[in-house]
There are 2 protein chains.
Amino acid sequence: MNAGEQRVRKPRADVQRNRAALLETAQRHFLRNGVGTSLDAVAREAGLGPGTLYRHFPTREALLAAVLQSLQTCSEELVARQAEIDQLSDADEVLEQWLRAMEEYFSTFSGLSDPLMAAAQAQAPDDPLRIPCDIFISATDKYVKAAQSAGHVRTSIRGYDLFLAACSIAWIKSNGANEQSLDRLRTLLASGYRERDEKA
Amino acid sequence: MNAGEQRVRKPRADVQRNRAALLETAQRHFLRNGVGTSLDAVAREAGLGPGTLYRHFPTREALLAAVLQSLQTCSEELVARQAEIDQLSDADEVLEQWLRAMEEYFSTFSGLSDPLMAAAQAQAPDDPLRIPCDIFISATDKYVKAAQSAGHVRTSIRGYDLFLAACSIAWIKSNGANEQSLDRLRTLLASGYRERDEKA
DNA sequence: ACCTGAACACCGTTCAAGT
DNA sequence: ACCTGAACACCGTTCAAGT
């Protein structure tokens, strides 16, 4: 065995168990109370000390990122949705559906848009939420480029812009907007990014 | 004097002094630390007990609303800006400038967009921030209607929608977006609300 | 190596005691 | 009538003591 090689030791059984309990409890609390939920209460209900939570997940963002990754329901739903979307023939429709799928994912927990938006623009490259953000941004970029080469989206638009827009819509929604307002905003947005016919 | 008449007694001198000290200190703390700043620290630095702050301003929103109202600089600047804007001949330009003016006002304190957005959509009609929100919304409505009758803005748009949009931009900005992203989003938005020529 | 939970320094809020 | 500040119930975070 090479001396420089990383040793990936299998974690102790209780460590694995604790981590799973924390994730499971945190997920429930995030779903019920939003991203601002008490971490003390999470540790307590998981039957662990606050210190244990803190070492497993040094920041709220780290816990949030881990919970998001472990959330099978949402990830699978998103992947399934993405598969459906990729089947669509109309590149315009594809983009619209993808924006809705993102918006719904960002509404998984109330208040999730805030740390996501912060992570998307963070100076610190080690924000744990950067990973999901970057995935969403590059996926959006793919769809935007496809729609652009089909002539449906203005060339000045980037995937990043529409990621920010979808995040904003989710933010407005989590602040209690009604569906009519949201729909008008979505329409507003769509008319903004769609290619318009130049005046002759 | 009628028995049912409201007696508006002049407040005691120390009460007036305390209120002024709280507002002045709170303003400084909001400016420096954003809307989430410690209210305890505000009371302490104003030389008062936390209970005094709490009776003058029962919630953070109440304090925030009072500080906004007392912020001469910003209000005056906004009024002056509005006067300038009203002089413009182009109704399209007017609306665009107004949206920028709102956006800047919403950036007075970091994080101000959050309570404003909440207040704009609150069920509770007694949220103290509803007053500034309603002022902004109806002003936006006025500008939108003017632009619409000049044929510059789609008729499906309401002032409320563009208020939400300006609030979102300020929110994105307060999360550290760079100016290029913001500009692309503003352009995106403007192409969305502008009247487009129907295909022949 | 990992967990534990007491301890610390903070919050916002209340309320009995003062003036 | 208004102010005061101790008291309360919460935070998140750290770290010495355990296993």
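Residues numbered from 1 in each chain as written. Chains lettered and ligands numbered in written order. Predicted model: local features only at pLDDT ≥ 70, side-chain atom pairs only at ≥ 80, totals over all residues. Heavy atoms only, no water.

Let's shift gears to the protein's contact with DNA strand C. Close to DNA strand C lie 19 residues; Val 15, Asn 18 and Arg 55 of chain A together with Tyr 54 and Arg 60 of chain B are nearest. By atom count, sugar and phosphate contribute 67% of the portion of DNA strand C lying within 4 Å of the protein. Asp 40 of chain B places a main-chain nitrogen or oxygen 3.1 Å from a phosphate oxygen of DNA strand C. Between DNA strand C and Arg 60 of chain B there is a distance of 2.9 Å, counted from a phosphate oxygen to a side-chain nitrogen or oxygen. (Near = heavy atom within 4 Å. Polar contact = N/O pair within 3.5 Å; in protein donor to acceptor, adjacent residues only side chain to side chain.)

Glancing now at the interface of chain A and chain B. Taken together, the contacts link 32 residues of chain A with 32 residues of chain B. Note on chain A versus chain B: buried area summed over both sides is about 2700 Å², and carbon and sulfur give 58% of it. Summed over the three residues of chain A that lose the most area to chain B, namely Trp 171, Arg 184 and Leu 188 of chain A, the buried surface amounts to 25% of that side. Counting across the chain A and chain B interface gives two salt bridges. Among the ionic pairs, Asp 161 of chain A bridges to Arg 184 of chain B, the shortest N-O distance being 2.7 Å. For the interface between chain A and chain B, the tally reads eight residue pairs in polar contact (both at pLDDT 80 or more). Looking at which element gives the most residues to the side of chain A that touches chain B, the answer is helix α10 (residues 179–193) of chain A, with nine residues. (Contact = heavy atoms within 4.5 Å. Buried area = accessible area lost by both parts, 1.4 Å probe. Salt bridge = Lys/Arg side-chain N within 4 Å of Asp/Glu carboxyl O. Helix = DSSP H or I, 4+ residues; strand = E, 2+ residues; numbered from the N terminus.)

Turning next to the protein's contact with DNA strand D. Contacts to DNA strand D come from 19 residues, most closely from Tyr 54 and Arg 60 of chain A together with Val 15, Asn 18 and Arg 55 of chain B. The sugar-phosphate backbone supplies 68% of the atoms of DNA strand D found within 4 Å of the protein. Separating a phosphate oxygen of DNA strand D from a side-chain N or O atom of Thr 52 of chain B is a distance of 3.0 Å. Listed by contribution, the elements that provide at least two residues to the surface near DNA strand D are α2 (39–45) and α3 (50–56) of chain A together with α1 (13–33) and α3 (50–56) of chain B. Per element, the largest residue contribution to the surface near DNA strand D is five residues, and it comes from α3 of chain B. In the surface near DNA strand D, the residues fall into six nonpolar, eight polar and five charged. (Nonpolar A, V, L, I, M, F, W, Y, C, P; charged D, E, K, R; others polar.)

Right, let's get into the environment of Tyr 160 of chain A. By the secondary structure assignment, Tyr 160 of chain A is in helix α9 (residues 159–174). When the C-alpha atoms of Tyr 160 of chain A and Thr 140 of chain A are compared, they prove to be 7.2 Å apart, with 20 residues separating the residues in sequence. Once residues within four sequence positions are removed from consideration, Tyr 160 of chain A is found in contact with Ala 120, Gln 121, Ile 137 and Asp 141 of chain A together with Ser 181 and Arg 184 of chain B.

Here we take up the packing of aromatic side chains. Taken as a whole and assessed by the stated rule, the structure comprises 13 aromatic pairs over all chains. An angle of 85° between the planes, with centres 5.6 Å apart, marks the rings of Phe 106 of chain B and Phe 163 of chain B as edge-to-face. Taken together, the positions of Phe 106 of chain B in helix α6 (residues 91–106) and Phe 163 of chain B in helix α9 (residues 159–174) put the pair 57 residues apart, joining distant regions of the chain. In terms of burial, Phe 106 of chain B and Phe 163 of chain B fall into one category: buried. Taking NZ or CZ as reference, Lys 142 of chain A lies 4.8 Å from the ring centre of Tyr 143 of chain A, over its face. (Phe/Tyr/Trp six-rings, centres within 6.5 Å; stacked < 30°, edge-to-face > 60°. Buried < 20%, exposed > 50% of the residue type's maximum accessible area, 1.4 Å probe, protein only. Lys NZ or Arg CZ within 6 Å of the ring centre and 35° of its normal.)

On to helix α7 (residues 113–120) of chain A. The buried count for α7 of chain A comes to six of eight residues, which makes it a mostly enclosed element. Regarding α7 of chain A, the residues found buried are Ser 113, Pro 115, Leu 116, Met 117, Ala 119 and Ala 120 of chain A. Those residues of α7 of chain A hidden inside the fold are in contact with α4 (60–70), α6 (91–106), α8 (130–149) and α9 of chain A together with α9 of chain B.

Okay, the relation of the copies chain A and chain B next. Of the transformation placing chain A onto chain B, the axial shift is 0.0 Å and the rotation is 180°, giving an RMSD of 0.0 Å. Here the symmetry operator amounts to a two-fold rotation axis. It is Gly 192 of chain A whose C-alpha, among those of chain A, lies nearest the rotation axis, at 1.8 Å. Comparing interface residues between copies, 100% of those in chain A also lie at the interface in chain B; the contact surface is shared. (Least-squares fit on C-alpha atoms with pLDDT ≥ 70 in both.)

Next up on the list: the confidence of the model for chain A. Residue and element names in this part refer to chain A. Summarising the model, chain A shows a mean pLDDT of 87, and 89% of its residues fall at 70 or more. The weakest mean pLDDT in chain A belongs to helix α5 (residues 72–87) at 72; the strongest belongs to α9 at 97. Note that pLDDT drops below 50 for residues 1–7; the model gives that stretch one contact with residues more than four away or on any other chain. (pLDDT = per-residue confidence, 0-100.)

Below, the discussion takes up the packing of α9 of chain A against α9 of chain B. Orientation of α9 of chain A relative to α9 of chain B, taken along the N-to-C sense of each, is 115°, at an axis distance of 10 Å. In terms of their interaxial angle, α9 of chain A and α9 of chain B are classed as roughly perpendicular. In this structure, α9 of chain A crosses over α9 of chain B, and the sense of that crossing is right-handed. Only Leu 164, Cys 167, Ser 168, Trp 171 and Ile 172 of chain B of α9 of chain B make contact with α9 of chain A, whose side of the interface consists of Leu 164, Cys 167, Ser 168, Trp 171 and Ile 172 of chain A. Of the residues belonging to the contact of α9 of chain A with α9 of chain B, the class tally is eight nonpolar, two polar and no charged. (Axes fitted to C-alpha atoms, helices over the stretch in contact; angles between N-to-C directions. Parallel < 35°, antiparallel > 145°, perpendicular 65-115°, else oblique. Left-handed = near helix turned anticlockwise from the far one by under 90°.)

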